[in-house]
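# Chains, contacts and geometry: an overview
These are the residues of each chain, in order.
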Amino acid sequence: MKLLCKTMDTTVKNYISSEKQIRYDKAYLRMALEWGKLSQCTRKKVGAIIVKDNIIISDGFNGTPTGFDNSCETSEGDTHWYVLHAEANAILKLARSNNCGKNSTLYITLSPCRECSKLILQAGIKRVVYINSYKDTSGLDFLITAGIEVNQIEDPFLINEKL
């Protein structure tokens, strides 16, 4: 298992506060994986969960806006420009609720892109935990520069592995 914790102060640390936190991180990532299965997109199925004070306050998966046809890709296989990313959907859902993203954690199956990273910062999310890296890591670099804690857990199904 590879655990990466990136912050502005240190590039890579192999430190997470407790085994309990790691267990919860993995459980929330498994939930995000399940949530991503609800996506109608064929190229990628991405799920996101936002947690604050150990309570899930929002969720999302990649897909088209409400009221649009659920087809995410063109007949040529390209993604429609209006498809929302999972984290954007979760943040927008959060904005419609009575909850606040300040000091919350975003669990996502694919690391955020540049555009979504700006939304994460503005939403007040303090920590991002993800499984797979997006092809362009500039979104992660932006979050790290902004002081947001970024952790990668590549296999959330490994339960009893010692650190």
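Just above sits the structure.
Turning our eyes to something else, we now look at the overall build of the chain. What the chain contains, in helices and strands, is four helices and six strands. Out of the 163 residues in the chain, the part that is buried amounts to 41%. A sequence separation of at least 24 residues applies to 53% of the contacts in the chain between residues at least 6 apart. For the chain, the exposed area adds up to about 9300 Å²; of that, 50% sits on carbon and sulfur atoms.

This part is about the nonpolar core. Core analysis: the biggest nonpolar cluster contains 20 residues, and Ile50, Leu106, Ile108, Ile120, Ile125 and Val128 have the highest contact counts within it. Contributions of two or more residues to this core are made by β2 (47-52), α2 (86-95), β4 (105-110), β5 (127-132) and α4 (138-145). For this core, the element with the most residues is α2, which contributes four residues. For isoleucine 120, the residues in contact, after removing those within four places along its chain, are Ile91, Leu106, Pro112, Ile125, Val128, Leu143 and Ile148. Grouped together as the second largest cluster of nonpolar side chains are nine residues, Tyr28, Ile49, Ile131 and Ile153 included.

Let us now look at the pattern of salt bridges. Enumeration according to the criterion identifies six salt bridges in this entry. Across the pair glutamate 34 and lysine 37 runs a salt bridge whose closest N-O atoms are separated by 2.8 Å. On the basis of relative accessibility, which here comes to 47%, the residue glutamate 34 falls in the partly exposed class. Put simply, glutamate 115 and lysine 118 hold a salt bridge, and the shortest N to O gap is 3.0 Å. Note that glutamate 115 and lysine 118 are positioned in helix α3 (residues 114-123) at a spacing of three residues, about one turn of the helix. A relative accessible area of 40% means that lysine 118 is categorised as partly exposed.

Those residues of α3 that fall on the buried side of the exposure criterion are Cys116, Ser117 and Ile120. Take α3 and look down its axis: the buried residues cluster within an arc of 105°, on one side only. For α3, the exposed residues lying more than 90 degrees away from the buried face are Arg114, Glu115 and Gln122. Structurally, α3 contributes buried residues whose contacts are with α2, β4, β5 and α4. Residue glycine 124 follows α3 closely and has a positive phi angle near 85°.

Definitions and limits used
Along every chain, residues carry numbers that run from 1 in the direction the sequence is written. Totals for whole chains, interfaces and linings use every residue, but because this is a predicted model, local features are given only for residues with pLDDT of at least 70 and side-chain atom pairs only at 80 or more, for both listing and counting. Water and hydrogen atoms were dropped before computing side-chain values, which therefore reflect all heavy atoms in the structure. Under the scheme used here, helices are H or I runs from DSSP no shorter than 4 residues and strands are E runs no shorter than 2 residues, and both carry numbers assigned from the N terminus. Relative accessible area decides the class of each residue, using a 1.4 Å probe on protein chains only: under 20% of the type maximum gives buried, over 50% gives exposed, and in between gives partly exposed. Two residues form a contact once any of their heavy atoms are found within 4.5 Å. In these tables, accessible area is a Shrake-Rupley quantity obtained with a 1.4 Å probe, and a residue counts as shielded only by the protein chains included in the view. Only buried residues count toward a nonpolar core. Its members are Ala, Val, Leu, Ile, Met, Phe, Trp, Tyr and Cys residues joined through side-chain atoms within 4.5 Å. Any Lys or Arg side-chain nitrogen located within 4 Å of an Asp or Glu carboxyl oxygen qualifies as a salt bridge. Throughout, the arc means that of the directions going from the helix axis to the C-beta atoms.

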